[in-house]
Amino acid sequence: MSKCEQCIIRQFNSLKSLTKDDLIRIAGCKTSRIIKKGETIFEEGETLNGVYCVRDGICKLSKLSANGKDQIVKLVVKGDLLGQRSIIGEEAVNLSAVALNDMEVCFIPKSEIMGSLKSNSDFSMDVLKQMAHDLKESDNIIVNMAQKSVKQRLAEALLYIHKNFGVNEEGILNIVLSREDYASVVGTATESAIRVLSQFKKEGLISTSGKQIKLEDLEGLNRVE
């Protein structure tokens, strides 16, 4: 089992503010788990008894809408924490987390997180800053949905994935999403997402091979209206 105080991943989240003693204590009670691609980490409505620290892999956070469709709210990568808002607010999670590829996560019990929040002001402040950042991102998503076209939102989604998750040696986006997932990310019907992606392909902005997508013209995608 890896030691929290020696884990590089914690530098990417609020755990970086914990003391060595805090981390040694957490390492003694955390559990590590492998999540297979497509597996659910937690479902909307569940009550969590701790937080998940993502050591490796990517998952999607989504919410089920009234019409039964998933709306992807965020893509989560290694270094992120899952569930901190739920345990601090003492409420059920309002999103579902599903692995997009094989993942490794560490589960930290709620008691350890709450104890550190009460005893370590730096940790509390970092958690607050992360929540404020997440709220800002949510505000931006709401504005984008209202003011930008599906083409603009889809172009921005592709550029976001390119910037934050990178490409493989062939230039293909590291995250492979289904057309349904792309539609869910930008809040449109699957048919609309397919139509826009086909248009991008005809215009030479992207190239595709099955579900795989390669961005051919970043500047062109930035100029999409």
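Thresholds applied
- Residue positions are counted from 1 within each chain, in the order its sequence is given.
- The predicted nature of this model means local features are confined to residues of pLDDT at least 70 and side-chain atom pairs, given and counted, to a pLDDT of 80 or more, with totals for whole chains, interfaces and linings taken over all residues.
- With hydrogens and water stripped out, all remaining heavy atoms of the structure feed into the side-chain values.
- UniProt positions are given in the numbering used here, feature names are shortened, and annotations may be inferred rather than shown by experiment.
- Starting at the N terminus, helices and strands are each numbered in turn, a helix being any DSSP run of H or I of at least four residues and a strand any DSSP run of E of at least two.
- Strands pair, by our definition, only if DSSP identifies at least two bridges between them.
- Residue contacts are counted whenever heavy atoms from the two residues lie within 4.5 Å of one another.
- Only the stretch in contact is used when a helix axis is fitted, and all axes are lines through C-alpha atoms; the angle between N-to-C directions ranges over 0 to 180 degrees.
- Aromatic contacts are taken between Phe, Tyr and Trp rings whose centres are within 6.5 Å, Trp giving its six-membered ring; a plane angle under 30 degrees counts as stacked, one over 60 as edge-to-face, and the others as tilted.
- The criterion is simple. A nonpolar core is a set of buried Ala, Val, Leu, Ile, Met, Phe, Trp, Tyr and Cys residues joined through side-chain atoms within 4.5 Å.
- Accessibility here uses a 1.4 Å probe with only protein chains present; expressed as a share of the type maximum, an area under 20% marks a residue as buried, one over 50% as exposed, and anything in between as partly exposed.
- Any angle between 65 and 115 degrees counts as roughly perpendicular, while under 35 counts as roughly parallel, over 145 as roughly antiparallel, and the rest as oblique.
- In this count, Pro and Cys sit with the nonpolar residues alongside Ala, Val, Leu, Ile, Met, Phe, Trp and Tyr, while Asp, Glu, Lys and Arg are called charged and the others, Gly among them, polar.
- How far each domain reaches was decided by an automatic or database domain assignment.
- Here the quantity called buried area is the accessible surface, traced with a 1.4 Å probe, that two parts lose on coming together, added over both.
- The salt bridge definition used is simple: a Lys or Arg side-chain nitrogen within 4 Å of an Asp or Glu carboxyl oxygen.
- Two N or O atoms count as a polar contact when they lie within 3.5 Å, although within protein this holds only if one can serve as hydrogen donor and the other as acceptor, and sequence-adjacent residues are included solely when both atoms are side-chain atoms.
- The span expected for a helix works out to 1.5 Å for each residue beyond the first.
- By construction, the arc corresponds to the directions joining the helix axis to the C-beta atoms.

Caption draft 1: Representation of the UniProt feature "domain: HTH crp-type" (unreviewed entry) in the protein within the structure. UniProt tags residues 148-219 as "domain: HTH crp-type" (unreviewed entry). As a span, residues 148-219 carries 54% helix and 11% strand, and end to end its C-alpha atoms are 18 Å apart.

Caption draft 2: Inspection of the sheet that holds strand E3 (residues 50-56) at higher detail. Taken in spatial order, the 4 strands line up as E1-E8-E3-E6 in an open sheet, and their pairing is antiparallel. Each edge of the open sheet is held by one strand with a lone partner, namely strand E1 (31-35) and strand E6 (81-82). On the sheet, helix H3 (residues 110-119) packs against E3 and strand E8 (103-109) and is oriented at approximately 65° with respect to E8.

Caption draft 3: Summary view of the packing of aromatic side chains. Following the criterion strictly, the structure yields 3 aromatic pairs and no others. Through a chain of ring-to-ring contacts, the aromatic side chains of Phe-42, Tyr-52 and Phe-107 assemble into a single cluster.

Caption draft 4: Region of the structure containing the nonpolar core. Ranked by size, the top nonpolar core spans 33 residues in total, and within it Leu-15, Ile-41, Phe-42, Leu-82, Met-103 and Ile-113 carry the most contacts. In this view, Ile-41 contacts Arg-33, Ile-35, Tyr-52, Cys-59, Leu-82, Ala-97 and Met-103; residues no more than four positions away in its chain are not counted. Counting residues in hydrophobic clusters, the runner-up holds 25 residues, among them Ile-72, Phe-165, Leu-177 and Val-186.

Caption draft 5: Structural context of the packing of helix H5 (residues 150-165) against helix H7 (residues 190-202). Contact geometry for H5 and H7: axes closest at 10 Å, N-to-C directions at 70°. Classified by the angle their axes make, H5 and H7 are roughly perpendicular. On H7, the residues touching Val-150, Lys-151, Leu-154, Ala-155 and Leu-158 of H5 are Ala-193, Val-196, Leu-197, Gln-199 and Phe-200. A per-class count over the contact of H5 with H7 returns 8 nonpolar, 1 polar and 1 charged.

Caption draft 6: Summary view of the environment of Asn-94. Turning to its location among the elements, Asn-94 is positioned in the loop between helix H2 (84-89) and strand E7 (96-99). On the basis of relative accessibility, which here comes to 35%, the residue Asn-94 falls in the partly exposed class. Sequence separation between Asn-94 and Gly-83 is 11 residues, and the spatial gap between their C-alpha atoms is 9.8 Å. Those residues in contact with Asn-94, other than ones at most four positions away along the chain, are Glu-44, Lys-63 and Arg-85.

Caption draft 7: Broad picture of the sheet that holds strand E4 (residues 59-64). Reading across the sheet, the 4 strands line up as E2-E7-E4-E5 and stay open at both edges, with antiparallel pairing between neighbours. Strands at the two margins of the open sheet, each flanked by one partner only, are strand E2 (40-42) and strand E5 (70-76). On average, each strand axis in the sheet is inclined to that of its neighbour by 30°, with strand direction left out of account. Of the strand pairs in this sheet, E4 and E7 are connected by 4 bridges, and their pairing is antiparallel. Opposite Leu-61, over in E7, you have Ala-97 as the bridge partner. Packed on one face of the sheet, helix H6 (residues 179-186) meets E4 and E5 and runs near 90° to E5.

Caption draft 8: Quick peek at the domain arrangement of the protein. Domain annotation of the protein identifies domain 1 (4-145) and domain 2 (149-223). Between domain 1 and domain 2, the C-alpha centre-to-centre distance is 26 Å. Every contact between the two is made by 11 residues of domain 1 and, on the other side, 13 residues of domain 2. Each partner contributes to the roughly 1000 Å² buried at the junction of domain 1 and domain 2, and carbon and sulfur atoms together form 59% of this total. Ionic pairing is found between Lys-60 and Asp-181, a salt bridge with its closest N-O pair at 2.9 Å. In this assembly, domain 1 and domain 2 are joined by 4 residue pairs in polar contact (both at pLDDT 80 or more). Breaking the side of domain 1 that touches domain 2 down by element, the ones donating at least two residues are E5 and helix H4 (121-147).

Caption draft 9: Expanded view of H7. With 13 residues, H7 should reach 18 Å at 1.5 Å per residue; the first-to-last C-alpha distance of 18 Å fits that figure. Taken as a whole, H7 has its buried residues at Thr-190, Ser-192, Ala-193, Val-196, Leu-197 and Phe-200. Seen along its axis, H7 keeps its buried residues to an arc of 160°; they face one direction. Along H7, the residues that are exposed and aim more than 90 degrees away from the buried face are Glu-191, Arg-195 and Lys-202. Where H7 is buried, its residues meet H5, H6, strand E9 (206-209), strand E10 (212-215) and helix H8 (218-222). One or two steps after H7, the chain reaches Gly-204, where phi turns positive at roughly 80°.

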